[in-house]
Amino acid sequence: MKTKKSYSFLYRNGLSLVFLMLFIFALGMQFFTGWKVHNEELQEAHQAPMALFPYLNTGHFISATFENFESEFLQMALYVMLTVGLRQWGSAESKKLDEPEAVDREPIPRPDAPYPVRKGGWLLRMYSSSLFICFALLFFISWAVHFYGSWRQHNLEQQLDGLPPHAALAYLLMPEFWFETFQNWQSEFLSVLSIVFFTIYLRQKGSPESKPVDAPHAQTGKD
């Protein structure tokens with residue numbers, strides 16, 4: 001009987017851990033540099049600078065953070081859903097044009113299958129779309145928090161300029177918030193388009209996001 005090889009926690013979770021550390025580092029640097037920028041803006045308006053940690057609760061930080069989260073989760077939600085039915089000839093990010101895929105098979109309630117698969121019914125139906133549902137919920141939550149932060153920052157700027165604040169609904173109809181929104185969305189759509197298209201012709205040996213180096217350009221999918 002073949003003995004199952006044991007791997008360390010770091011080896012088994014290296015990809016997640018590296019990206020988690022990169023995320024924490026980048027968020028920390030955004031927080032610190034954003035605090036500096038915000039205080040420069042306050043000083044230019046002849047206002048007292050803000051201490052470091054209270055900056056976390058400002059519209060300046062909340063808006064800048066969640067407008068990026070929002071666009072990332074929108075990108076992933078659409079990517080997960082659109083790749084179900086749409087194809088791209090030659091792309092490693094597409095299902096094959098005319099061959100059955102393992103991801104399309106009906107779930108089998110094996111003993112080692114996830115609990116919703118073994119349970120069946122509405123729980124299985126929900127679980128079958130749980131990845132999209134998760135990203136969609138994260139998108140809508142991030143969109144709402146981005147709007148809240150952007151609205152607060154807008155009204156602070158109004159106050160510093162000696163102008164009256166705007167109600168939330170009035171701000172929602174203003175172009176400022178939607179400019180922030182669409183400038184992030186378009187960059188995410190471009191990044192997905194880039195990986196879908198470039199994986200047709202370009203390769204990265206060893207990456208699961210690439211076709212094999214010797215694969216023909218016409219090969220659709222990773223195998």
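Residues numbered from 1 in each chain as written. Predicted model: local features only at pLDDT ≥ 70, side-chain atom pairs only at ≥ 80, totals over all residues. Heavy atoms only, no water.

Caption draft 1: Spotlight on the overall build of the chain. Helix and strand counts for the chain come out as eight helices and zero strands. N-terminal to C-terminal, the α/β element order of the chain is α-α-α-α-α-α-α-α. At 23 Å, the chain has a C-alpha radius of gyration far larger than the 17 Å of a compact globule built from 223 residues. Along the longest, intermediate and shortest principal axes, the C-alpha atoms of the chain span 75 × 45 × 40 Å. In the chain, the share of contacts with a sequence separation of at least 24, taken over all contacts with a separation of at least 6, comes to 56%. (Helix = DSSP H or I, 4+ residues; strand = E, 2+ residues; numbered from the N terminus. Rg over C-alpha atoms; globule rule 2.2 N^0.38 Å. Contact = heavy atoms within 4.5 Å.)

Caption draft 2: Region of interest: the packing of helix α6 (residues 130-160) against helix α8 (residues 175-201). α8 packs onto α6 with a crossing angle of 135° between their chain directions and a minimal axis gap of 10 Å. With respect to α8, the axis of α6 lies oblique. Of the two elements, α6 crosses α8, and the hand of that crossing is right-handed. Counting all contacts with α6, which are made through Phe139, Trp143, His146, Phe147, Ser150, His154 and Glu157, the residues of α8 involved are Glu176, Phe177, Trp178, Glu180, Thr181 and Trp185. Along the lines of polarity and charge, the residues of the contact of α6 with α8 split into six nonpolar, four polar and three charged. (Axes fitted to C-alpha atoms, helices over the stretch in contact; angles between N-to-C directions. Parallel < 35°, antiparallel > 145°, perpendicular 65-115°, else oblique. Left-handed = near helix turned anticlockwise from the far one by under 90°. Nonpolar A, V, L, I, M, F, W, Y, C, P; charged D, E, K, R; others polar.)

Caption draft 3: Geometry of the pattern of salt bridges. Applying the stated criterion to the full structure yields two salt bridges. In this structure, the salt-bridge partner of Asp104 is Lys95, at a minimum N-O distance of 2.9 Å. Among the ionic pairs, Arg110 bridges to Asp112, the shortest N-O distance being 3.4 Å. On the basis of relative accessibility, which here comes to 64%, the residue Asp112 falls in the exposed class. (Salt bridge = Lys/Arg side-chain N within 4 Å of Asp/Glu carboxyl O. Buried < 20%, exposed > 50% of the residue type's maximum accessible area, 1.4 Å probe, protein only.)

Caption draft 4: Examining the packing of aromatic side chains more closely. Per the counting criterion, the structure on display carries 22 aromatic pairs. Their ring planes at 75° and their centres at 5.6 Å tell us that Phe31 and Phe61 sit as a pair that is edge-to-face. A residue pair is termed long-range when its members are at least 10 positions apart, and Phe31 in helix α2 (residues 14-44) and Phe61 in helix α3 (residues 59-85) qualify at 30 residues. For Phe31, a relative accessible area of 12% corresponds to the buried category. A relative accessible area of 10% means that Phe61 is categorised as buried. Here a set of aromatic residues connected by ring pairs shows up, and it is made of Phe139, Phe140, Trp143, Phe147, Tyr171, Phe177, Trp178, Phe182 and Trp185. (Phe/Tyr/Trp six-rings, centres within 6.5 Å; stacked < 30°, edge-to-face > 60°.)

Caption draft 5: A look at α8. Look at α8: 39 Å from first C-alpha to last across 27 residues, which is about the 39 Å you get at 1.5 Å a residue. Turning to α8, its buried residues number three or more, namely Phe177, Glu180, Thr181, Asn184, Trp185, Glu188, Val192, Val196, Thr199 and Ile200. Packed against the buried residues of α8 are α3, α6 and α7 (168-172). (Expected span 1.5 Å × (residues − 1).)

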